[in-house]
Amino acid sequence: MSNLYTDDLAFDREHIWHPYTSMTNPLPSFMVESANGVHINLASGEQLVDGMSSWWSVLHGYNHPVLNEALIEQSKNMSHVMFGGLTHKPAVELCKKLVRITPKGLNKVFLSDSGSVSVEVAMKMAIQYWGSKGKPTKNKMLTVKNGYHGDTFATMSVSDPTTGMHHIYSEALAKQYFAPAPTIMIDEQWNEKDVAELTELFKKHHDDIAAFIIEPIVQGTGGMRFYHPEYLKACRKLCDQYNVLLIADEIATGLGRTGKLFACEWANITPDIMCLGKTLTGGYITLAATLCTNEIAEGISNSEAGCFMHGPTFMGNPLACAVANASIGLLESSDWKASITRIESYLKQHLVPLNTNNRVQDTRVLGGIGVVETKSSVNMAVIQKRFVELGVWIRPFGKLIYIMPPLISTHENLQTIIDAIKTVLNEDDCFSS
Ligand code: PMP
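As the structure is a prediction and not an experimental result, all values here were calculated from the model.

(A) Structural context of the overall build of the protein chain. Each helix and strand in the protein chain was counted, giving 13 helices and 16 strands. Here the C-alpha radius of gyration of the protein chain, 22 Å, is about what a compact globule of 433 residues would show, namely 22 Å. Counting across all 433 residues of the protein chain, residues that qualify as buried make up 54%. For the protein chain, restricting intrachain contacts to residue pairs at least 6 apart in sequence, the fraction spanning at least 24 positions comes to 71%. Accessible area for the protein chain stands at about 19,200 Å²; split by element, carbon and sulfur atoms hold 53% of it. The distance from the centre of the 36 positive side-chain charges to the centre of the 44 negative ones in the protein chain is 5 Å.

(B) Local environment of the site of the ligand. Taken together, Ser-114, Gly-115, Ser-116, Tyr-148, His-149, Gly-150, Glu-215, Asp-249, Ile-251, Ala-252 and Lys-278 make up the full set of residues near the ligand. Within the backbone of Gly-115, one N or O atom sits 2.9 Å away from an oxygen atom of the ligand. Take Asp-249: an N or O atom from its side chain is 2.6 Å from a nitrogen atom of the ligand. Considering the ligand on its own, with 400 Å² of exposed area, one finds that the protein chains cover 80% of that surface. Here the residues of the shell around the ligand are counted per class, giving three nonpolar, five polar and three charged.

(C) Focus on helix 7 (residues 196–205). Looking only at helix 7, the buried set comprises Leu-198, Leu-201 and Phe-202. Each buried residue of helix 7 sits inside an arc of 100° when the element is viewed along its axis, so together they form one side. Exposed residues on helix 7 whose side chains face more than 90 degrees from its buried face are Glu-197 and Lys-204.

(D) Representation of the packing of helix 11 (residues 336–350) against helix 13 (residues 411–425) within the structure. Where helix 11 meets helix 13, the closest approach of the two axes is 11 Å, and the angle between their N-to-C directions is 35°. Crossing of helix 11 against helix 13: the hand is right-handed. Mapping the contact onto sequence places Arg-342, Ile-343, Tyr-346, Leu-347 and His-350 in helix 11 and His-411, Leu-414, Gln-415 and Ile-418 in helix 13. Residues of the contact of helix 11 with helix 13, tallied by class, amount to five nonpolar, three polar and one charged.

(E) Representation of the packing of helix 3 (residues 65–77) against helix 10 (residues 318–333). The contact between helix 3 and helix 10 brings their axes to 9 Å, and the two run at 150°. Here helix 10 runs roughly antiparallel to helix 3, going by the angle between their axes. Here helix 3 and helix 10 pass one another in a crossing that is right-handed. In this structure, helix 3 uses Val-66, Leu-67, Ala-70, Leu-71, Gln-74 and Ser-75 to contact helix 10, whose residues at the interface are Pro-318, Leu-319, Ala-322, Val-323, Ala-326, Ser-327 and Leu-330.

(F) The arrangement of a nonpolar patch on the surface in detail. Together, Phe-153, Ile-168 and Tyr-169 make up an exposed nonpolar region whose accessible area comes to about 350 Å². Considering the arrangement of structural elements, one finds Phe-153 in helix 6 (residues 153–157).

(G) Examining the nonpolar core more closely. With 100 residues, the main nonpolar core has Leu-198, Phe-212, Ile-401 and Ile-421 as its most contacted residues. The leading source of residues in this core is helix 13, at seven residues. Of the domains in this structure, domain 1 (3–63 + 335–430) and domain 2 (68–333) are the two that each give at least three residues to this core. Excluding residues that lie within four positions of it along the chain, Ile-421 makes contacts with Leu-351, Leu-354, Val-372, Phe-387, Ile-394, Ile-401 and Ile-403. One finds Phe-110, Tyr-129, Ile-273 and Ala-297 within the second-largest nonpolar core, a separate group that totals 25 residues.

(H) Summary view of the domain arrangement of the protein chain. Taken domain by domain, the protein chain consists of domain 1 (3–63 + 335–430) and domain 2 (68–333). Put simply, the middle of domain 1 and the middle of domain 2, counted by C-alpha atoms, are 27 Å apart. Taken together, the 27 residues of domain 1 in the interface contact 31 residues of domain 2. Here domain 1 packs against domain 2, burying approximately 2,400 Å² in sum over the two surfaces, 67% of which is carbon and sulfur. A per-residue breakdown of the area domain 1 buries against domain 2 is headed by Trp-56, Trp-336 and Leu-366, which together make up 32% of the total. Our count for the contact surface shared by domain 1 and domain 2 stands at zero salt bridges.

(I) View of the pattern of salt bridges. Enumeration over the complete set of coordinates arrives at 14 salt bridges. Across the pair Asp-272 and Arg-236 runs a salt bridge whose closest N-O atoms are separated by 3.0 Å. Of the two residues, Asp-272 is situated in the loop between strand 10 (245–249) and strand 11 (273–276) and Arg-236 in helix 8 (residues 229–241); the sequence distance between them amounts to 36 residues. Side by side, Asp-272 and Arg-236 carry an identical accessibility label, which is buried. Linked by salt bridges that have partners in common, Lys-385, Arg-386, Glu-389 and Glu-427 make up one network.

(J) Representation of the environment of Met-404. Checked against the element boundaries, Met-404 lands in the loop between strand 16 (400–403) and helix 13. Met-404 gets classed as buried once you look at its relative accessible area, which sits at 0%. Each C-alpha atom, one on Met-404 and one on Ser-54, is 9.2 Å from the other, the two residues being 350 residues apart in sequence. The contact partners of Met-404, leaving out residues within four places of it in the chain, are Gly-51, Met-52, Ser-53, Trp-56, Arg-257, Gly-368 and Ile-369.

(K) A look at the sheet that holds strand 1 (residues 32–36). Strand order in the open sheet formed by four strands is 1-2-3-15, with mixed pairing between adjacent strands. At either margin of the open sheet sits one strand with a lone partner, and together these are strand 1 and strand 15 (392–393). Inspection of the sheet shows strand 1 paired to strand 2 (residues 39–42) by four bridges, in the antiparallel sense. Along strand 2, the bridge assignment pairs Asn-36 with His-39. Packed on one face of the sheet, helix 13 meets strand 2, strand 3 (47–50) and strand 15 and runs near 100° to strand 3.

The rules behind these values
- Note on numbering: residues in each chain are counted from 1, in written sequence order.
- For this predicted model, a pLDDT threshold of at least 70 governs which residues receive local features, and a threshold of 80 or more governs which side-chain atom pairs are given and counted, while totals over whole chains, interfaces and linings are taken from all residues.
- Think of the side-chain values as coming from all heavy atoms in the structure, minus any hydrogens and water.
- Secondary structure counts use DSSP, requiring at least four H or I residues in a row for a helix and at least two E residues in a row for a strand, with both numbered from the N terminus.
- Computation of the radius of gyration draws on C-alpha atoms alone. For the globule rule, the value is 2.2 Å times the number of residues to the power 0.38.
- Note on classification: 1.4 Å probe, protein chains only; a residue is buried when its accessible area is under 20% of the maximum for its type, exposed when over 50%, partly exposed between these limits.
- By the convention used here, residues are in contact when the closest approach between their heavy atoms is within 4.5 Å.
- To be clear on the numbers: accessible area is Shrake-Rupley with a 1.4 Å probe, and residue cover counts the displayed protein chains and nothing else.
- Charged residues are defined narrowly, with Lys and Arg counted positive, Asp and Glu counted negative, and His plus the chain ends left uncounted.
- One atom stands in for each charge, and that atom is NZ of Lys, CZ of Arg, CG of Asp or CD of Glu.
- The criterion for a residue being near a molecule or strand is simple. One of its heavy atoms has to lie within 4 Å of it.
- Throughout this description, a polar contact denotes any pair of N or O atoms lying within 3.5 Å of each other; where both atoms belong to protein, one of them has to be capable of donating a hydrogen while the other can accept it, and for residues adjacent in sequence the pair is counted only when both atoms sit in side chains.
- Ten residue types, Ala, Val, Leu, Ile, Met, Phe, Trp, Tyr, Cys and Pro, are classed as nonpolar, four, Asp, Glu, Lys and Arg, as charged, and the remainder, Gly among them, as polar.
- By arc we mean the arc of the directions from the helix axis to the C-beta atoms, nothing more.
- Only the stretch in contact is used when a helix axis is fitted, and all axes are lines through C-alpha atoms; the angle between N-to-C directions ranges over 0 to 180 degrees.
- If you view the pair so one helix is near and one far, a crossing is left-handed when the near helix is turned anticlockwise from the far one by less than a right angle, and right-handed when it is turned clockwise.
- Comment on the angle field: the value is read as roughly parallel under 35 degrees, roughly antiparallel over 145, roughly perpendicular from 65 to 115, and oblique elsewhere.
- Excluding any residue in a salt bridge, patches collect residues exceeding 30% relative accessible area, merging like charges within 9 Å and nonpolar Val, Leu, Ile, Met, Phe, Trp and Tyr side chains within 5 Å.
- Each salt bridge in this description consists of a side-chain nitrogen of Lys or Arg and a carboxyl oxygen of Asp or Glu lying within 4 Å of one another.
- Working definition of a nonpolar core: buried Ala, Val, Leu, Ile, Met, Phe, Trp, Tyr and Cys residues. They are joined through side-chain atoms within 4.5 Å.
- Those domain boundaries reflect an automatic or database domain assignment.
- By buried area we mean the combined loss of accessible area, with a 1.4 Å probe, across both parts when two parts are placed together.
- In this description, strands pair whenever DSSP reports at least two bridges between them.

Have a look at this one:
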């Protein structure tokens with residue numbers, strides 16, 4: 001058994017790309033045998049408490065009986081049929097749910113395969129909408145720095161142009177408009193000055209701009225920053241004032257993580273277009289959705305093309321829709337807000353005090369998200385191995401050690417994660433000097 005997995009790891013290292021990883025000098029990957037509840041079980045025998053929810057996606061824990069059953073039952077019926085000309089109950093049920101639970105006014109749903117694709121779809125919708133209104137030159141995007149919207153070409157073009165990982169491709173990317181990142185955080189005093197430069201960009205360039213795209217409240221990969229809801233409110237106002245569509249990228253924040261079902265609720269706004277992904281299937285299978293208003297859908301449908309020009313092969317995959325239905329069902333039948341509040345207060349009480357450590361720049365918590373920002377970057381190879389030795393799965397990047405554990409995490413699970421972070425903060429070799 002142990003030999004087998006050593007051979008597999010050797011093959012993996014030699015032949016398989018992992019995310020954001022070198023093929024010639026890859027960081028080690030750990031072989032997972034199974035995952036259950038909040039635990040990831042390694043083939044080498046360690047059991048890790050998960051702090052990452054597999055990049056924000058696992059909500060109710062791994063290997064959940066209700067989600068397993070939804071998947072198995074659906075597979076007995078059909079695993080996939082094309083969505084062109086055909087439809088099915090799992091998709092209809094899911095879209096009914098999404099229209100019901102998302103901010104009022106988002107009535108039309110486009111299902112796709114991944115978060116990045118759902119953002120591409122949103123951008124295409126905005127451009128095609130303005131084309132249908134006789135304004136084909138309104139085809140640029142406006143956004144803020146420190147944003148992240150995906151890894152495909154269009155989404156890279158609206159992700160942070162300098163600090164983001166996509167600067168490598170900048171010469172090949174569409175040129176978009178960037179405002180400074182919000183500087184006033186959610187717990188600070190609001191000041192209109194924070195939107196001054198953004199306002200100028202709207203004023204100057206609105207004739208070229210199809211949509212303003214932003215991650216509501218939480219700038220994730222671009223720094224794990226929690227900005228002020230008044231900023232988002234101001235964005236909605238500016239979009240209305242200057243005839244620009246508002247795209248809310250709720251891929252990371254949607255379905256509960258920030259303490260609201262959707263982060264847009266912090267500002268009580270409805271975007272014109274909203275993207276969902278990650279948590280949509282409770283972390284089971286890839287699925288994303290782009291929702292838009294009737295106005296946008298009608299504009300596009302009455303355009304010269306007469307339709308929206310997009311249609312992925314696996315659009316509306318029944319297995320994914322069935323699990324998504326079960327996952328949203330679990331969320332709605334549970335007191336998820338109480339779970340988030342419980343996690344939030346525990347993190348505020350026990351993670352935030354790590355800010356007294358000399359190595360720490362800042363600690364912050366919002367809903368089920370906890371962040372320890374360090375003064376120097378982590379040494380990935382060392383810190384990752386240490387976290388595994390300490391019995392937790394946390395995958396930091398740059399100066400950010402961040403967690404968003406599954407909702408079912410107990411105080412004991414959270415403490416294990418916090419203790420591991422506390423330990424590595426005192427180990428010099430886990431950080432660059
Ligand atoms: N937008 C945001 C805010 C994200 O966090 C991510 C994923 N990290 C994406 C888009 C892209 O989603 P995917 O990885 O599923 O393509």
